[in-house]
Each structure stands twice: as structure tokens, then as C-alpha cells.
Amino acid sequence: MKTALVVEDLPDICRMLADLLAGAFPGIQVRTAATRADGLAQVRGSAWDLVLIDLGLPDGSGLDVVREVHARQPQSLPVVVTIFDDDEHLFPALQAGAFGYLLKQQPPDELRAQMLRIAQGEPPLSPPVARRVLAHFAGRAQPQPAPAAAAPEHPEVRLTERETAVLQCVARGYTMPEIAEQFGLSRHTVADYIKQVYRKLNVSSRAEAALEALRRGLVQA
Amino acid sequence: MASADATIPSTWAAPAGWLTPRRLFSLAALLVLACCGAALWLALQQPWLGLAPQALQPGAEGTQALRSGTGLLPPHQRLLSLAGRDGAALSLSSDDLIEEPDMHPGYAEWGAFYARQDALAAALRSGPVTLSFEGADGAARQQLLTPAPGRPLASLPAVFWFQLMVGAVGALVGAWVLGLRPADWAARCLALTGLGLLAAACPAAVYGTRELALPADLFRLLSTINHLGTISFGIGLVGIFLFHPQRLASTRLFAGLAAVFLAWAVADVAWWLPSPDLAMRLVVVLQMLAAMALGAWQWRRARGQPLERAALRWVLLSFLVGCGAFVVLIICTAMLGWLPPLSQGYAFGFFLLMYLGLALGVRRYRLFDLDRWSLRVLMWVFGLTGIVLVDALLVVAHVNASLSLAASILLCAAVYFPLRQWLWARLSPQAEPDIDALAGRIAALSLAPAVHRPGAWQDLLGGLFAPLRVETPVSAPEGGQAVLLQQGLGLQVPGGHGLPALQFWQRDQGRRLFSPRDARLAERLLRLAGMVVQAREAHEHGARQERQRIAADLHDDLGGKLLSIAQAGDLPRAAGLAREALDDMRLAVQGLMAGPAAAADVWADWRRETVERAGLAGLRTDWQAQEPTPAVALAPRLRMQATRMLREAATNAIRHGQAQRLRVALAVQDGWLAIEVSDDGTGLAAPVDEAAAATGGQGLAGLQRRARALGGHCEIGPAAPRGTRVAIRLPLQAVADNPCP
């Protein structure tokens, strides 16, 4: 982690996050943006290893910044910072390509630990979000009425059995170490499954959005 | 109400060649014009005295006699005889005015009648005639009258025009139906019936309304045409029941039957048979009986086929009503004497009635409406027939006529009306649905979660119509009208408001057709459901918007400030409190935004949080959650409060108990949520109550307050063998709107 961008409108929190980043990743260059417009401009301007994004920005939704990061800098990690970790707030961000989230009110050392885990490829996943993800993929498993030609059934947008099993455990309230123990896997492998789920969620959401746009286009034509 | 195919005949076929429906109808119109014109011409050709004679009622003055009507003589004079130029006086009797000559008991009397008619007609044609009549003083007087060479148009009575009208309508309707269904043998028979009606009515109009006499040749020709027409009507009638709604026999058999009847008709008009009773009257009776028997056969064959039954019902009903009314009135006039004698000309009206009903049936017009109409007509006919029959019985038993009528009306009213009610309740296909119950079910349906609505909607309509089959139409119309399918065999109810379009087939397990009333009822129920759903959604939308606004305000204003305090770092206790406040706020916002949550999901969230927090503090968690049934849900407020309480109890164990293990047990039983949190720490010295608001007990005392506010309770005490045990019990259903502490 050499460069990081913090998009956050509350100056105190912005500074706190920047300090935390500096502490967690020695030598990191941190820039900040207080608005959506500034955030988008900085994302377009240069490459970032890590981008922390508040969803409720004064001039719009941080979701746009998440999308921009995901689209322009695939190797970058967009992470949502929020005080709400429920699925209503987080699921759209994850669909847009966010790689995890940080709860702003956590004590600084917990926040720092969380940041390090994300940077190491261990994104968090809460039970409500896991349930939403499961419902999302279960809904996709049903036959689609959309034009078949427009929907190439990609294995990329299906969960494997193992991924689904891990997700179900998360949904039922088991912690990551418990799941690793239950499946006889390393923590790292479980984290890999979660990472795959994040990636497929984003891919399938984009495919769905494209389909939806196509369908509307067909209806209008 | 719209009917998808009510106006399209089910076996419509393009007529062959040049005989299009329009041409056929024009042809029939030409025929009607010719017949009516001929009848009018013949009627106007006859000499005219202007007497308008009336037949005296038999028995009124002992003998059958003629009276003068309005005219040249003083009214109500008894007419005695008429003498022509050659002087021979022809005595007059009411028999000379008889409307229908075939009412004579034998051919001898009938022949004598023709001879007298011929003589009278010749006298009238010869020039001035001498009319003898009985004056007011009883003495015979004489008057010389000169007949006009032709009859004035205005002198033709209404019944003349009525009969022409009956004949014209018969022929035209027959041609219309035949044009629509040229290949249908029932329609062909109907056309024959209409032609017969025309042939019977036009001659009858001429001779039935003659002033006094017609030449015998003309009279006999007209009577012959009338008889052929009547028998043709009967042949057509038999044919209709033979071919409608289902073909019972081959057309060859029908042709044979028709030939027999026609031969009989020839023998009839040639006076070859022993008596007029054995001639036309027997034929007509046989034809009626044959039609009735065939009708019964058709009825049996149509069992389980509601469409065929409905098509038959029209025909049977009009047949029974037409014949029944005719017979009843003949009985009334001839037997009972309490109605004025009915002119045969007007009796044609009953046949027209029957004929129109037959036409509608063969045409298969609005069959789905029949259930309702036919029952009403039948009830009416049964009531009338009952009165007449009882009256006839009483008259036969020599009860005074007016008394017997009153008695029979009373008797029938006493027996018939309750019977009618009972029959109506039993037979009415449109038994009124219970509106209260329906409204209740609609409301329940509309307030149910959206996923349950389609099933509930199908159940509701299915229970109402008891169909054999329910289908979901492929191309489902949204909104619009309920439509009858295949003449009422099916009913298509449109979708809308999240309810699917449905097709129901074979109402009442296939015993009935769907009617426009069913369609309207379904439309009304759909509208009602739509209104309730919309109202509910509008309410929810408003409430959701309001909650979102509050949540956004909390997040932006309160959240930002609390966050700043939490992360300021200079006051650790304030930071901790601010974090707790933020957690509470998250719960509050969650409670605002979310609906009831499945207990299993809440268990999962609690497990993750508790196990993680305990794990960070170095405690092992023993989690014993009873798997809740899928139906158990926690209301947002209960979920929020229970989360806080569990969090508080767990925090207490983690912070103050110096414990190694944390044990959490969750259960839902008999409408109660039970949460038990225990640890193996140092434990409490004594049970905590609100008075013991010591430093360690503050949070625990808060637990008791919260539990009570939710209608539950909380016990805090020592755990066995050591440690603290917090047992919380909360009702799943909120007991009252207690304010949150």
C-alpha cells in the first residue's frame, strides 16, 4: 500500500482515517477529498492502492466514486467507510465493486486491524449481507425471461458449492475462525472464498444491470 | 361486461354461392311483402255493408244469433236474415262469423258452413240486400242496404294487422337466423317454422276478420294454406328439437317424418279423413308431443354439458311457455268463462313468443344469461298454471266461478310463494355471495404480504365459482374487463395490483355457465382488492419516506457529532459512551427502516456479534439457540430492544464478571421470547433490583426497566455453580404501546 485516498466530508473523521492509514501502512501517501466531485476527479487523476469512501457525501452518493475506482483502477481496493453496517446500506456498495467496509465508530485499534485485514485480502462479511448475497444468487439461478442471446451464462456469475456453503455459515452467524475450523480450512482459504463472492457479486450485478438496460431499450424500441 | 364471442355463431359457415345472408333476408322480405300484400288486397276486395256484426255469446239469449255492431243499424239489434237481389232470405247465425272454420265438429257441418258463406257472399256481390232485424219492441223490421264494392282500409281491425305482423316477423327472423347459420339443420328447421307461421297467419288474417262471408272457393283455398302452414310450423318444431343442440337422428329420418306429416296434411286439406279432429288437430297434438319428447331426450343427452344445456334451455323454455300460455288461455276462455273470448288471431301471439325464443336458442344468443332469466320465467309460468289448474278443479267441482278464482289465487299464494322462495334458493344459479365475508377476505388478501396475494386471490375466486379448472392465461391482460369465454364455459378475470390474470373453466364443477353477473362480480372484487392494496401501499410508502427522512437526519446530524466525539480520543469515557450511543442509533435506524425480521436471521446476527465480542475479550461462547420455526418473526421494536438487552447482558458478563465462558440460550415458546445469558465469573452478591442501582448494577437495572416496558420481565441472579445469570422473557406480540425507556 503506497498511496491512499480518503473521500470523507467530516474533517475530524477524515483526519482520523488519514492518521490511521499512516500508522497502519508506514510510508503511505494519503490524500483526501471532501466531496464526490473532488473524489471522482482524484480517482481520474492518479492511481491509488486504497480508497476509503464515505457513502453520504454532501454533493452526492459515494457509490459513484466506488464505481469509478472499480472501473478505472481494477487493481485498487475501494473500501466503504460508514456508521451503518446493515445490508440496506452496504449491499449496493458491494454490488458497485466495494471490497469491504469499515465502521467509522470502531475504536482506532479495531479500525486499524480491520484495515490491515482488508489490505491482506480478508474483507469482512456480516450475516445480513451474506443473506442478501445468497438471495441475489438464488434469484439468478431461476430461469431468466430476458433474451437468451444477451445473457451468456457465465460460470463467473455462479457461486460454487463451497462458496455457497461458506456464505451460508456466515449467514447463520458463524465467525470466520469458526467456519475455517468447521471446514478444516485455513483462515486464508476462507477469506479467498469471501473474496470470490465479492467479485462474483460485482460481475453478476453488472451483467444484470446491462441486461436490464437492454430490456428497457428493447421495450422502448 | 364484455362478451368475447357472444355474437359470433359457433358454427358459422359462409353460405354457398350467391345466397348470402343479406340476399336471403331480402328474399324473405320480398316474400313477406308479397304475402301481406296479397292478404291485404284480398281483404279489401270483399263487398262491405258497414255493419260490423258481432256474434252473441252462446247461451246469452238461448240461441246463437248475430247482433249489429256500430254501423248503419241501431246498435245491439238482433240480426235475423239477409236477402239478395233474387229475394231468397238467408237466415243469419253466429256460426256465420266463426273465426276458424276448422272448429266445426265434422266435415258435414264444415261443408254446410262453406255453402252458406258462398250464398251470403254471392248475395252481397249481387247488389242491394234486404236485412231483417229484431227491433227494440221485438217486432221484425227490414232495411235495404247497398254493399260497397270494396272494404275501406280503416275497417280492418287490429287483429288483422297483428296476424300479418306475426307472419312477417316469423319469416324474417327465420331468414335472419338461417343466413347466420346456413349449414345448421336446426336453423333450417327454424326457417321452415317461420315460413309456416307466415303461411298460417296471412290467410287467417283474411278470413278471420271478414265482415260476414267469403266465397267458398276462396275460403277453402285460404284455409288450405293455413293448414299447410300450421303443419309446416309443427314439422319445423319437431326438427328443431331433433337437431338442437345436438343431432339426435339423421336428416333422412327427419325427411321421412316430414313426408308423413305432409301426406297427412294433404289428406287433411282434401277432407279424406273421418273427421277434422283426426286431421289437423291430431297432427298438431302429435307434433307437440314429439317435440316435447325430443326435448326431454335432448335434456338427458346434454347432462354435464352446460353450454348445450343452456342452448336447449332457451328452446325448451320458449316452447313450454308459448304452448303453455296458449293452452292455458284456451282452457280459460273455453272452460272457465272468466276471461273474454280470445280471438284466434291474438293467440298467434303466443306462437310468435315461442318462435322468437326458439330463434334466440338456435341462434345461441347470450346463452350465459339464461340461467337467471329462465328460472324467473319458469317460476312465473308455474305460478300462473297453478292458479288456472286449481281454478279449473274448483269449477269442475261446481264452485261459483268468481269464488273459485279468488279461492284458487289464495290457495296458490299460500302454497306457491313459499315453494317459490324455496325453489329459488335451491335452484338460483346466482345465489347471492356473502358480501360481508367476501369483503373480509378481500381485505385480508390485500393486507397479506404480496407473495401470498396471488394464491389467496385464486382461492377466493375458486371458492366462489367452484370451477373444474383454473388456468393462467399465456397473454395475460392487465386491467380491463372480465370476459366470458366460449359462450360462458369460461371466465377470464384480468390481473392487476399484483394479482395474476386467471381463467376459470366450468363453473360449479361443470354444471353451469358463467354469467355476466359473475364477470361483474369478479371485476368488482378485483377493483376492491386494488383499492385496499393501493391504500395500503400509499400508507406504507408515506411511512417509509418519513422513516427515511428521520433516519437520514439522525445519520447526518447526530451521527456526525457522535462520531467526532467517539474518535476525538481525548476523553476515553466520552468516546465509549458516544460509541454506545452510535450503536443505539444504528439499532433505532434499523428499527425504523426494517419490517419484521425472521427470528432465525435475528439469531444469526446476535450470534455473530456476541461470539465475536466475547472472542475479542478472550471468552468462549456456548451458544444454545433453539431453531425457530420460519413463521416466527420479531417486530422491529422488539428486535431493537432485545438486541440492546442481549448486548447489555453480554457486556456485563465480559466486563465485570472475570469470566472464562459465556453461555447464551435463546428460545421462542408460547408467544414468548426467552433470552438467557450466564457466565462463570465472580457473580453478584445478591439479586439486583431497581433500588440497587450500584455502579455494576446500573446496566442490569436498566434491563429490568426495558423488559417491563415491553410487557416482559428480567431476572438477574447467581448462576449455578457460580457466576451471574440474566433471564429475559419478552412477549412476541407487543402488549401495549409502552414508551421506550
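A brief structural summary.

**Overview of the pattern of salt bridges**
Thinking step 1. Scanning all chains against the criterion turns up 29 salt bridges over all chains.
Thinking step 2. With a closest N to O distance of 2.7 Å, Arg116(B) and Asp95(B) form a salt bridge. Taken together, the positions of Arg116(B) in helix α2 (residues 107-126) and Asp95(B) in the loop between β5 (89-91) and α2 put the pair 21 residues apart, joining distant regions of the chain.
Thinking step 3. One salt-bridge network, in which partners are shared between bridges, spans Arg131(A), Asp601(B), Asp605(B) and Arg639(B).

**Side note on the sheet that holds strand β1 (residues 3-7) of chain A**
Residue and element names in this part refer to chain A.
Thinking step 1. The strand order β2-β1-β3-β6-β7 describes an open sheet built from 5 strands, whose pairing is parallel. Sheet topology places β2 (29-33) and β7 (101-103) at the edges, where each strand pairs with a single neighbour. Averaged over neighbouring strand pairs, the angle between their axes works out to 20° when direction is ignored.
Thinking step 2. Sheet topology places strand β6 (residues 77-82) next to β7; 3 bridges connect them, and they run parallel. Its bridge partner lying in β7, valine 80 is registered against tyrosine 101.

**Here's the deal with unusual backbone geometry**
Residue and element names in this part refer to chain B.
Thinking step 1. In this model, histidine 244 is joined to proline 245 through a cis peptide bond whose omega is -5°.
Thinking step 2. Looking at the secondary structure, you find proline 245 in the loop between α5 (216-243) and α6 (251-269).
Thinking step 3. Positive phi is not limited to glycine here, since alanine 466 has a value of about 45°.
Thinking step 4. Along the polypeptide, alanine 466 turns up in the loop between α13 (453-465) and β8 (469-471).
Thinking step 5. For aspartate 670, which is not a glycine, the phi torsion comes out positive at approximately 50°.
Thinking step 6. The topology assignment puts aspartate 670 in the loop between β15 (661-669) and β16 (672-679).

**A closer look at the interface of chain A and chain B**
Thinking step 1. The interface is formed by 28 residues belonging to chain A together with 20 residues belonging to chain B.
Thinking step 2. For the pairing of chain A and chain B, the buried interface totals around 2,100 Å² over both sides, and the portion due to carbon and sulfur atoms is 61%.
Thinking step 3. On the chain A side of the interface with chain B, the three residues burying the most area are Ile83(A), Phe84(A) and Gln105(A), jointly 28% of the side's total.
Thinking step 4. Linking chain A to chain B there are 3 salt bridges.

**A closer look at the pairing of β6(A)**
Residues and elements named next belong to chain A.
Thinking step 1. Among the 6 residues that make up β6, 6 are buried, leaving the element largely enclosed by the rest of the structure.
Thinking step 2. Every second residue of β6 is oriented toward a common face, with Leu77, Val79 and Val81 on one face and Pro78, Val80 and Thr82 on the other, all of them buried.
Thinking step 3. Read from β6 through helix α4 (residues 87-96) to β7, the crossover connection turns out right-handed.

**Thoughts on the sheet that holds strand β17 (residues 713-718) of chain B**
Residues and elements named next belong to chain B.
Thinking step 1. The strand order across the open sheet built from 5 strands is β13-β15-β16-β18-β17, with neighbouring strands paired in mixed fashion. The open sheet terminates on both sides in strands that have one partner only, identified here as β13 (620-625) and β17. In this sheet, adjacent strand axes meet at a mean angle of 10° when their direction is disregarded.
Thinking step 2. Examined bridge by bridge, β15 and β16 share 8 bridges and lie antiparallel to one another. Among the inter-strand pairings, arginine 663 is bridged to a residue of β16, identified as serine 678.
Thinking step 3. The strands touched by helix α17 (residues 599-616) are β13, β15 and β16; relative to β13, the strand with the most contacts, the crossing angle is about 165°.
Thinking step 4. Sheet strands in contact with helix α18 (residues 636-656) are β15, β16 and β18 (724-731), and its direction is about 15° off that of β16.

**Section: the packing of helix α15 (residues 516-568) of chain B against helix α16 (residues 572-593) of chain B**
Residue and element names in this part refer to chain B.
Thinking step 1. Here α15 crosses α16 at 165°, and the two axes come no closer than 9 Å. It follows that α15 is roughly antiparallel to α16 by the angle criterion. α15 and α16 meet at a crossing whose hand is left-handed.
Thinking step 2. Here the residues of the contact of α15 with α16 sort into 17 nonpolar, 4 polar and 2 charged.

**Considerations on the side chain of Asn226(B)**
Thinking step 1. Along the chain, the position of Asn226(B) falls in helix α5.
Thinking step 2. Side chain to side chain, Asn226(B) and Tyr207(B) meet in a polar contact 3.5 Å long.

**Considerations on the nonpolar core**
Thinking step 1. In terms of nonpolar packing, the biggest core is built from 74 residues, with Leu52(A) and Leu125(A) touching the most fellow members.
Thinking step 2. In terms of residues, this core owes the most to one element, helix α1 (residues 11-24) of chain A, which gives 7 residues.
Thinking step 3. Other than its neighbours up to four places away in sequence, Leu52(A) contacts Leu5(A), Val6(A), Val7(A), Leu17(A), Leu21(A), Val79(A), Val81(A), Leu102(A) and Met115(A).
Thinking step 4. Core analysis: the second largest hydrophobic core is formed by 73 residues, Ala171(B), Leu214(B), Phe254(B) and Ala265(B) among them.

**Side note on the side chain of Asp184(B)**
Thinking step 1. With respect to the secondary-structure elements, Asp184(B) resides in the loop between α3 (158-180) and α4 (185-208).
Thinking step 2. For Asp184(B), the side chain forms a polar contact with the side chain of Arg181(B), separated by 3.0 Å.

**So, the state of the cysteines**
All names here are of chain B.
Thinking step 1. Within the structure shown, the criterion is met by 0 disulfides over all chains.
Thinking step 2. The closest cysteine sulfur to the non-disulfide-bonded cysteine 35 is located on cysteine 202, 5.3 Å from its own sulfur.
Thinking step 3. Looking at cysteine 35, the relative accessible area reads 27%, which means it is partly exposed.

**Some points on the environment of Gly595(B)**
Thinking step 1. Mapped onto the fold, Gly595(B) is located in the loop between α16 and β12 (597-598).
Thinking step 2. C-alpha separation for the pair Gly595(B) and Pro636(B), spaced 41 residues apart in sequence, amounts to 6.1 Å.

**Overview of a nonpolar patch on the surface**
Residue and element names in this part refer to chain B.
Thinking step 1. Nonpolar side chains collect at one region of the surface, where Leu278, Leu282, Val285, Leu286 and Leu289 lie side by side and expose about 380 Å² of accessible area between them.
Thinking step 2. Checked against the element boundaries, valine 285 lands in helix α7 (residues 277-301).
Thinking step 3. Assessed through its relative accessible area of 45%, valine 285 is described here as partly exposed.

**Here's the deal with the packing of helix α7 (residues 161-171) of chain A against helix α8 (residues 176-183) of chain A**
All names here are of chain A.
Thinking step 1. Two elements in contact, α7 and α8, have axes separated by 10 Å at closest approach and are oriented at 135°. In terms of orientation, α7 and α8 fall into the oblique class. The way α7 lies across α8 gives a crossing that is right-handed. Across the interface between the two elements, Arg162, Ala165, Val166, Cys169 and Val170 of α7 pack against Met176, Ile179, Gln182 and Phe183 of α8.
Thinking step 2. Looking at the contact of α7 with α8 residue by residue, the classes come out as 7 nonpolar, 1 polar and 1 charged.

**As for α16(B)**
Thinking step 1. With 22 residues, α16(B) should reach 32 Å at 1.5 Å per residue; the first-to-last C-alpha distance of 31 Å fits that figure.
Thinking step 2. Here α16(B) has its buried residues at Ala575(B), Ala578(B), Arg579(B), Leu582(B), Met585(B), Arg586(B), Leu587(B), Val589(B) and Gly591(B).
Thinking step 3. Packed against the buried residues of α16(B) are β7 and α5 (108-119) of chain A together with α15 and α18 of chain B.

**Describing the pairing of strand β6 (residues 129-134) of chain B**
Remember that side chains alternate between the two faces of the sheet whenever the strand is regular.
All names here are of chain B.
Thinking step 1. In terms of strand pairing, strand β4 (residues 78-83) meets β6 through 5 bridges, oriented antiparallel. Across the sheet, the residue bridging to arginine 78 is glutamate 134, located in β6.
Thinking step 2. Here 6 bridges tie β6 to strand β7 (residues 140-145), and the two strands are oriented antiparallel to one another. By the bridge assignment for β7, glutamate 134 is matched with alanine 140.

**Structural notes on the packing of aromatic side chains**
Thinking step 1. One pass over the structure, following the stated rule, counts 19 aromatic pairs over all chains.
Thinking step 2. Here Phe241(B) and Phe319(B) contribute two aromatic rings whose centre-to-centre distance is 5.2 Å and whose plane-to-plane angle is 65°, an arrangement assigned as edge-to-face. Remark: Phe319(B) occurs in helix α8 (residues 306-336) and Phe241(B) occurs in helix α5; sequence separation between them is 78 residues. When sorted by exposure, Phe241(B) lands in the same class as Phe319(B), which is buried.
Thinking step 3. Consider the rings of Phe465(B) and Phe504(B), whose centres lie 5.9 Å apart with planes at 70°: the pair is edge-to-face. One end of the pair, Phe465(B), is in helix α13; the other, Phe504(B), is in strand β11 (residues 502-505), and 39 residues separate them in sequence.
Thinking step 4. On the basis of relative accessible area, Phe465(B) is assigned to the buried category, the value being 0%.
Thinking step 5. What makes Phe504(B) buried here is its relative accessible area of 0%.
Thinking step 6. Counting every residue linked through ring pairs, the aromatic cluster contains Tyr107(B), Trp110(B), Phe113(B), Tyr114(B), Tyr207(B), Phe219(B) and Trp271(B).
Thinking step 7. Stacked on the ring of Trp271(B), the Lys or Arg Arg220(B) has its end atom at 4.1 Å from the ring centre.
Thinking step 8. Taking the ring centre of Tyr174(A) as reference, the NZ or CZ of Arg607(B) above it sits at 4.1 Å.

Conventions used here
- Residues numbered from 1 in each chain as written.
- Chains lettered and ligands numbered in written order.
- Predicted model: local features only at pLDDT ≥ 70, side-chain atom pairs only at ≥ 80, totals over all residues.
- Heavy atoms only, no water.
- Salt bridge = Lys/Arg side-chain N within 4 Å of Asp/Glu carboxyl O.
- Helix = DSSP H or I, 4+ residues; strand = E, 2+ residues; numbered from the N terminus.
- Pairing = 2+ DSSP bridges.
- Axes fitted to C-alpha atoms, helices over the stretch in contact; angles between N-to-C directions.
- Contact = heavy atoms within 4.5 Å.
- Buried area = accessible area lost by both parts, 1.4 Å probe.
- Buried < 20%, exposed > 50% of the residue type's maximum accessible area, 1.4 Å probe, protein only.
- Right-handed = clockwise from strand over helix to strand, strands pointing away.
- Parallel < 35°, antiparallel > 145°, perpendicular 65-115°, else oblique.
- Left-handed = near helix turned anticlockwise from the far one by under 90°.
- Nonpolar A, V, L, I, M, F, W, Y, C, P; charged D, E, K, R; others polar.
- Polar contact = N/O pair within 3.5 Å; in protein donor to acceptor, adjacent residues only side chain to side chain.
- Core = buried A, V, L, I, M, F, W, Y, C linked by side-chain atoms within 4.5 Å.
- Disulfide = S-S within 2.5 Å.
- Patch = residues over 30% accessible without salt bridge, like charges linked within 9 Å, V, L, I, M, F, W, Y side chains within 5 Å.
- Areas by Shrake-Rupley, 256 points an atom, 1.4 Å probe, with all protein chains shown as cover.
- Expected span 1.5 Å × (residues − 1).
- Phe/Tyr/Trp six-rings, centres within 6.5 Å; stacked < 30°, edge-to-face > 60°.
- Lys NZ or Arg CZ within 6 Å of the ring centre and 35° of its normal.

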